[in-house]
Amino acid sequence: MEYRSKIKDELVDQLFKAILSLETMEECYRFFEDLCTVNEIKSLAQRLEVARMLKEKKTYSEIAEKTGASTATISRVNRFLLYGSDGYNIVLDRISKKQS
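What counts and how
Residues numbered from 1 in each chain as written. Predicted model: local features only at pLDDT ≥ 70, side-chain atom pairs only at ≥ 80, totals over all residues. Heavy atoms only, no water. Core = buried A, V, L, I, M, F, W, Y, C linked by side-chain atoms within 4.5 Å. Buried < 20%, exposed > 50% of the residue type's maximum accessible area, 1.4 Å probe, protein only. Helix = DSSP H or I, 4+ residues; strand = E, 2+ residues; numbered from the N terminus. Contact = heavy atoms within 4.5 Å. Axes fitted to C-alpha atoms, helices over the stretch in contact; angles between N-to-C directions. Left-handed = near helix turned anticlockwise from the far one by under 90°. Nonpolar A, V, L, I, M, F, W, Y, C, P; charged D, E, K, R; others polar. Domains from an automatic or database assignment. Salt bridge = Lys/Arg side-chain N within 4 Å of Asp/Glu carboxyl O. Parallel < 35°, antiparallel > 145°, perpendicular 65-115°, else oblique.

The chain has the name Trp operon repressor family in an unreviewed UniProt entry, where Caldicoprobacter faecalis is given as its organism.

S.K.: Would you explain the nonpolar core in this entry?
M.R.: Most often, soluble globular proteins keep nonpolar side chains buried together rather than apart. Counting residues in each nonpolar core, the largest one holds 10 residues, listed as Val-50, Ala-51, Met-53, Leu-54, Ile-63, Ala-69, Ile-74, Val-77, Leu-81 and Leu-92. Listed by contribution, the elements that provide at least two residues to this core are helix H3 (38-55) and helix H5 (71-83). In terms of residues, this core owes the most to one element, H3, which gives four residues. Once you skip the residues sitting within four places of it in the chain, Leu-54 turns out to touch Tyr-60, Ile-63, Ile-74, Val-77, Asn-78 and Leu-81.

S.K.: Is there a simple way to explain the packing of helix H4 (residues 60-67) against H5 in this structure?
M.R.: Describing two packed helices takes the angle between their axes plus the distance from one axis to the other. H5 packs onto H4 with a crossing angle of 115° between their chain directions and a minimal axis gap of 10 Å. Judged by the twist between their axes, the crossing of H4 over H5 is right-handed. Mapping the contact onto sequence places Tyr-60, Ile-63 and Ala-64 in H4 and Thr-71, Ile-74, Ser-75 and Asn-78 in H5. Within the contact of H4 with H5, the residues separate by chemical class into four nonpolar, three polar and no charged.

S.K.: Just to check I follow, could you spell out the domain arrangement of the chain for this structure?
M.R.: Where interface size is quoted, it is often the accessible area lost as the parts come together. Structurally, the chain comprises domain 1 (6-35) and domain 2 (46-99). Taking only C-alpha atoms into account, the centre of domain 1 sits 22 Å from that of domain 2.

S.K.: Would you mind going over unusual backbone geometry with me for this structure?
M.R.: With the exception of glycine, the majority of residues adopt a negative phi angle, and the majority of peptide bonds are in the trans configuration. Despite not being glycine, Lys-57 shows a phi value in the positive range, around 65°. Along the chain, Lys-57 turns up in the loop between H3 and H4. For Lys-57, a relative accessible area of 72% corresponds to the exposed category. If you check the backbone angles, Asp-86 has positive phi at about 75° while not being a glycine. The residue Asp-86 is located in the loop between H5 and helix H6 (87-99) in this model.

S.K.: I'm lost on the pattern of salt bridges in this one. Help?
M.R.: A side chain of one charge can pair with a side chain of the opposite charge if their charged atoms are brought near each other. In the structure shown here, the tally under the stated rule is six salt bridges. Arg-30 is paired through a salt bridge with Glu-26; the nearest N and O atoms lie 2.8 Å apart. Linking Arg-30 with Glu-26, this pair stays in helix H2 (residues 25-35), spanning four residues, or about one helical turn. When its relative accessible area of 47% is taken as the criterion, Glu-26 is described as partly exposed. Here Arg-52 makes a salt bridge to Glu-56, at a shortest N to O gap of 2.6 Å.

S.K.: Just to check I follow, could you spell out the packing of H3 against H5 for this structure?
M.R.: Where H3 meets H5, the axes come as close as 9 Å, and the angle between the chain directions of the two elements is 65°. The pairing of H3 with H5 is recorded here as roughly perpendicular in orientation. H5 is crossed by H3, and the crossing has right-handed handedness. For the pair H3 and H5, contact is made by Gln-46, Arg-47, Val-50, Ala-51, Leu-54 and Lys-55 and by Thr-73, Ile-74, Val-77, Asn-78 and Leu-81, respectively. Within the contact of H3 with H5, the residues separate by chemical class into six nonpolar, three polar and two charged.

Structure, rendered in structure tokens:
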């Protein structure tokens, strides 16, 4: 079954092409610091860490203690891990393979 995004449009395509054009960690920092607020970047990073910990079968209380995420955020991330577009799983699996 073909994936159909709910957010796809020309502007989002342009954004994702810009992200895909980044070649180094420094370029990522430069681009995202210009694009997002510090809090937005920290929130995205927190959600990714929550997803990683959920995949490792950590408890909500362990995750909340380590990341500072609310149980609502943890629950939302868990829902997307289980029923979302598989984006978290794709990224986390690739990161895990690179670290192995």
